[in-house]
Amino acid sequence: MPREIVGKGLRLSLRHAPCAHICRYCLITETRKGSSLPFARFEQLVHRFHDWKAAERRDDLDIGVFVGPSFDYDLEILKGVARLRARRGGKFQILNLGGLRIRQGDALATWLEERRAAGIIGLHTSLAGYGEVHDRWNGRRGDFDYQTAILRLGGERGMVRHERLFVTQNALPHFERLLDVLDGIPGEVRNRYATLFFYAGLATRYEAERITEEIRDALPERIAALRHGKFQDWRSEREWIPIMMQTADKPRKLVLKLDVNESNIDRLEKSSCEAIFAERERAYRESYRAIPSLAELCTRYGDPTSRKVYMMSRDVEGRWLDLHARETGVKAPLD
Ligand code: SF4
């Protein structure tokens with residue numbers, strides 16, 4: 001029996017701002033592919049989904065957006081993204097620095113000032129190690145210095161920051177040095193957390209860099225203390241398996257993804273939100289039809305001796321689905 005799929009939300013995405021990084025751990029493929037779809041049409045479609053959710057009292061549904069893959073938006077788009085965030089009851093105040101084009105000197109300072117004036121109060125950086133190690137992971141020489149230079153400029157202007165720090169085997173030897181550098185940057189660190197690579201996208205090629213239980217349990221206190229927030233349960237495959245099996249017969253609840261672009265916008269604009277959501281759910285169910293149940297995947301591909309550490313059970317399942325695809329030629333389902 002294939003696993004039952006239930007959509008718990010919809011994430012509409014627009015590839016509006018191509019990315020200037022080529023991160024080796026990127027979850028998104030084709031980061032340079034942009035869409036020519038005007039943002040206004042995308043925004044209107046998303047507002048329609050929010051209106052539908054409110055009218056139908058679908059409080060159980062989460063409507064989200066991804067406008068990316070980088071946040072290198074012009075000011076009009078930035079305001080549009082803020083309007084969409086407001087529909088979810090949030091504020092768009094933190095700008096992600098991932099994939100920004102290089103700007104220098106006055107051009108960089110002006111860019112930052114304009115964003116502050118538009119309501120951005122802080123910056124988010126993702127760093128995969130210190131110095132050249134980060135540059136290599138992110139595919140751009142000098143990127144570590146660029147990221148920290150922008151954080152410094154922001155800090156000097158009173159902007160807060162969020163820091164996501166990847167823990168990999170090759171980042172660990174200089175991790176404390178990385179923390180020293182970050183501690184030396186002015187400004188309030190509102191959120192600093194350690195993270196692992198998800199098992200997805202390009203990152204699936206770097207399982208050798210994944211830390212093990214032994215490394216996890218021996219992390220220096222300064223690094224271990226950064227494990228908090230949504231993905232703080234760092235468990236090895238052998239630790240995840242019994243947890244996953246407790247709910248293996250339950251439907252998988254997923255946020256369905258919908259890529260909006262110039263080729264499907266006319267059709268989407270003419271369809272009801274209900275029909276679009278039902279169609280996505282059907283497509284996801286169809287993609288799972290040839291996939292064995294979670295228990296069977298586990299029997300075939302699970303490794304109860306593996307001490308490699310993952311942040312989500314879905315990472316472990318993703319590994320099994322890849323092994324299944326390799327063995328049978330059946331494509332991994334939509335995710
Ligand atoms: S910045 Fe983000 S979208 Fe761009 S390559 Fe890196 S991980 Fe991928």
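Residues numbered from 1 in each chain as written. Predicted model: local features only at pLDDT ≥ 70, side-chain atom pairs only at ≥ 80, totals over all residues.

Peer 1: Tell me about the nonpolar core, residues and numbers included.
Peer 2: One finds Y25, A128, F166 and L196 to be the most contacted residues of the largest nonpolar core, which totals 31 residues. Elements supplying a minimum of two residues to this core: α4 (132-138), β5 (160-166), α6 (175-183), α12 (294-301), β9 (309-310) and α13 (313-328). Excluding its chain neighbours within four sequence positions, the residues that come into contact with A128 are Y25, V133, H134, W137, N138, F166, T168 and A171. Among the nonpolar cores identified, the runner-up in size contains 18 residues, and I5, V65, V67 and L256 belong to it. (Core = buried A, V, L, I, M, F, W, Y, C linked by C-beta atoms within 7 Å. Buried ≥ 20, exposed ≤ 12 C-beta atoms within 10 Å, placed from the backbone. Helix = DSSP H or I, 4+ residues; strand = E, 2+ residues; numbered from the N terminus. Contact = placed C-beta atoms within 7 Å.)

Peer 1: Which residues make up the pairing of strand β6 (residues 189-195), and what values do they have?
Peer 2: Pairing of β5 with β6, which is carried by 6 bridges, proceeds in the parallel orientation. If you follow E163 over to β6, its bridge partner there is R192. Handedness of the crossover joining β5 and β6 through α6: right-handed. (Pairing = 2+ DSSP bridges. Right-handed = clockwise from strand over helix to strand, strands pointing away.)

Peer 1: Help me get a handle on the site of the ligand, residues and values and all.
Peer 2: The local shell around the ligand holds 11 residues, among which C19, C23, C26, P69 and G98 are the closest. Classifying every residue of the shell around the ligand by side-chain character gives 6 nonpolar, 5 polar and no charged. (Near = placed C-beta within 6 Å. Nonpolar A, V, L, I, M, F, W, Y, C, P; charged D, E, K, R; others polar.)

Peer 1: Any details on unusual backbone geometry? Residues and values, ideally.
Peer 2: The peptide bond linking G68 to P69 adopts the cis configuration, its omega dihedral lying at 0 degrees. Considering the arrangement of structural elements, one finds P69 in strand β2 (residues 62-69).

Peer 1: Quick rundown of the sheet that holds β2? Include the residues and the values.
Peer 2: Spatial strand order, β2-β1-β8: 3 strands in an open sheet with parallel pairing. What marks the edges here is a single partner per strand, and that holds for β2 and β8 (252-259). On average, each strand axis in the sheet is tilted by 30 degrees relative to the strand beside it, whichever way the strands run. Where strand β1 (residues 5-17) lies against β8, 8 bridges are found, and the strand directions are parallel. Opposite V6, over in β8, you have K253 as the bridge partner. Sitting on the sheet, helix α1 (residues 39-55) is in contact with β1 and β2, with an inclination near 160 degrees to β1. (Axes fitted to C-alpha atoms, helices over the stretch in contact; angles between N-to-C directions.)

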